[in-house]
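Here is what each chain is made of, one letter per residue.
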Amino acid sequence: HCAPRLRRCSPRSWGSSCRVTRTRLDSPPLSPPSLPLGIAPEILSLGPGNTPEVRRNDRHNLLRPETAESLYFVGLLTGKPRYRRAAWDMFAAFRAGSRASDGAYTSLDDVYAQPSRRRDDMPTFWLAETLKYLFLNFAPPTLLPLDGWVFNTEAHPLRIFPRGAEAAGAAAAAAA
């Protein structure tokens, strides 16, 4: 399920990403049972004793990709189906809570309100990043193996080309 080079990495090297993603799924203000729409607020703050809290002005959602991206990479690295299920729940929540009658998706003013007032916007990163990472959660891991591809900050996959002796060996093998 994971690229061979990544399997050699110790879980310590990516363990904090896994912990943050688990926290997002398990923290009371962010766990799906605490969210009427199943959609997380834009900003989570740490209150007294590092207790997660959501301030009144931070209850909106702009359809950002970071959670879908985290679910993709942590799911790919761990192979745990929990992250794929969370990605599906996230997509289903967006479809139920953010989808407009014309099929477009829109940001929400308050994820704790039912119904939440929808904004008249659809950020470009919704299509370019959020949906791409949600799709990748369900794609075979061999589609874009992480030892052959890297993602830029806009979620565009870029092929990793071999260099030096590795490239010469690959060229010789291809010519044979």
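Above this text is the structure in question.
Our subject in this report is the structure included herewith. (Residues numbered from 1 in each chain as written. Predicted model: local features only at pLDDT ≥ 70, side-chain atom pairs only at ≥ 80, totals over all residues. Heavy atoms only, no water.)

## Re the nonpolar core
Move 1: The biggest cluster of nonpolar side chains holds 27 residues, and the ones touching the most others in it are Ile39, Phe94, Tyr133, Leu136 and Phe151.
Move 2: The element best represented in this core is helix α4 (residues 81–98), accounting for 6 residues.
Move 3: Those residues in contact with Tyr133 that lie beyond four places of it in its chain are Pro65, Ala68, Glu69, Tyr72, Phe73, Phe151 and Ala155. (Core = buried A, V, L, I, M, F, W, Y, C linked by side-chain atoms within 4.5 Å. Buried < 20%, exposed > 50% of the residue type's maximum accessible area, 1.4 Å probe, protein only. Helix = DSSP H or I, 4+ residues; strand = E, 2+ residues; numbered from the N terminus. Contact = heavy atoms within 4.5 Å.)

## Observations regarding the pattern of salt bridges
Pairing between side chains of opposite charge can happen when their charged atoms approach one another.
Move 1: A full pass over the atoms with the stated rule returns 5 salt bridges.
Move 2: Ionic pairing is found between Arg56 and Asp110, a salt bridge with its closest N-O pair at 3.0 Å. Of this pair, Arg56 sits in the loop between β2 (52–53) and α3 (66–78) while Asp110 sits in the loop between α4 and α5 (124–136); the two residues are 54 residues apart in sequence, bridging distant segments of the chain.
Move 3: Of the charged contacts in the structure, one is a salt bridge between Arg59 and Asp110, with a shortest N-O distance of 3.0 Å. One end of the pair, Arg59, is in the loop between β2 and α3; the other, Asp110, is in the loop between α4 and α5, with 51 residues separating them in the sequence.
Move 4: Overlapping salt bridges, with partners in common, bring together Arg56, Arg59 and Asp110 in one network. (Salt bridge = Lys/Arg side-chain N within 4 Å of Asp/Glu carboxyl O.)

## A word on the packing of aromatic side chains
Move 1: With the rule as written, the count across this model stands at 10 aromatic pairs.
Move 2: Between the aromatic rings of Tyr72 and Phe151, the centroid separation amounts to 6.1 Å while the plane-to-plane angle is 80 degrees, which identifies the pairing as edge-to-face. Placement of Tyr72 in helix α3 and of Phe151 in strand β3 (residues 149–151) is noted, with a sequence separation of 79 residues between them.
Move 3: You can call Phe151 buried: its relative accessible area is 14%.
Move 4: The structure contains a cluster of three or more aromatic residues connected by ring pairs, namely Tyr72, Phe73, Tyr133 and Phe151. (Phe/Tyr/Trp six-rings, centres within 6.5 Å; stacked < 30°, edge-to-face > 60°.)

## Brief notes about α4
Move 1: In a regular helix each residue adds 1.5 Å, so 18 residues correspond to 26 Å; α4 covers 25 Å between its end C-alpha atoms and thus fits that length.
Move 2: Within α4 the residues assigned to the buried category are Tyr83, Ala86, Ala87, Met90, Ala93, Phe94, Gly97 and Ser98. Taken down its axis, α4 places every buried residue within 125 degrees of arc, on the same side. Facing away from the buried side of α4 by over 90 degrees, the exposed positions are Pro81, Arg85 and Ala96. (Expected span 1.5 Å × (residues − 1). Arc of directions from axis to C-beta.)

## Description of the packing of α3 against α4
For any two helices packed against each other, one specifies the crossing angle of their axes together with the interaxial distance.
Move 1: Look at α3 against α4: their axes get within 8 Å of each other, and the N-to-C directions meet at 160 degrees. With respect to α4, the element α3 is oriented roughly antiparallel. The two elements α3 and α4 meet at a crossing, and its hand is left-handed. Facing α3, whose interface residues are Thr67, Ala68, Leu71, Val74, Gly75 and Thr78, α4 presents Tyr83, Ala86, Ala87 and Met90.
Move 2: When grouped by side-chain class, the residues that make up the contact of α3 with α4 number 7 nonpolar, 3 polar and no charged. (Axes fitted to C-alpha atoms, helices over the stretch in contact; angles between N-to-C directions. Parallel < 35°, antiparallel > 145°, perpendicular 65-115°, else oblique. Left-handed = near helix turned anticlockwise from the far one by under 90°. Nonpolar A, V, L, I, M, F, W, Y, C, P; charged D, E, K, R; others polar.)

## A word on the side chain of Glu129
Move 1: Structurally, Glu129 is set in helix α5.
Move 2: Despite its burial, Glu129 pairs with no opposite charge; the closest candidate is Lys132, at 8.0 Å N-O.
Move 3: When sequence neighbours within four positions are dropped, the list of residues in contact with Glu129 reads Pro65, Thr153, Glu154 and Ala155. (Lys, Arg positive; Asp, Glu negative; His and termini not counted.)

## A word on the packing of α3 against α5
Move 1: The interhelical angle for the contact between α3 and α5, taken along N-to-C directions, is 25 degrees, at an axis separation of 8 Å. With respect to their mutual orientation, α3 and α5 come out roughly parallel. Seen from above, α3 lies across α5 with left-handed handedness. Where α3 approaches α5, its residues Ala68, Glu69, Tyr72 and Phe73 are matched on the opposing element by Thr130, Tyr133, Leu134 and Leu136.
Move 2: Each residue belonging to the contact of α3 with α5 can be placed in one class, and the counts come to 6 nonpolar, 1 polar and 1 charged.

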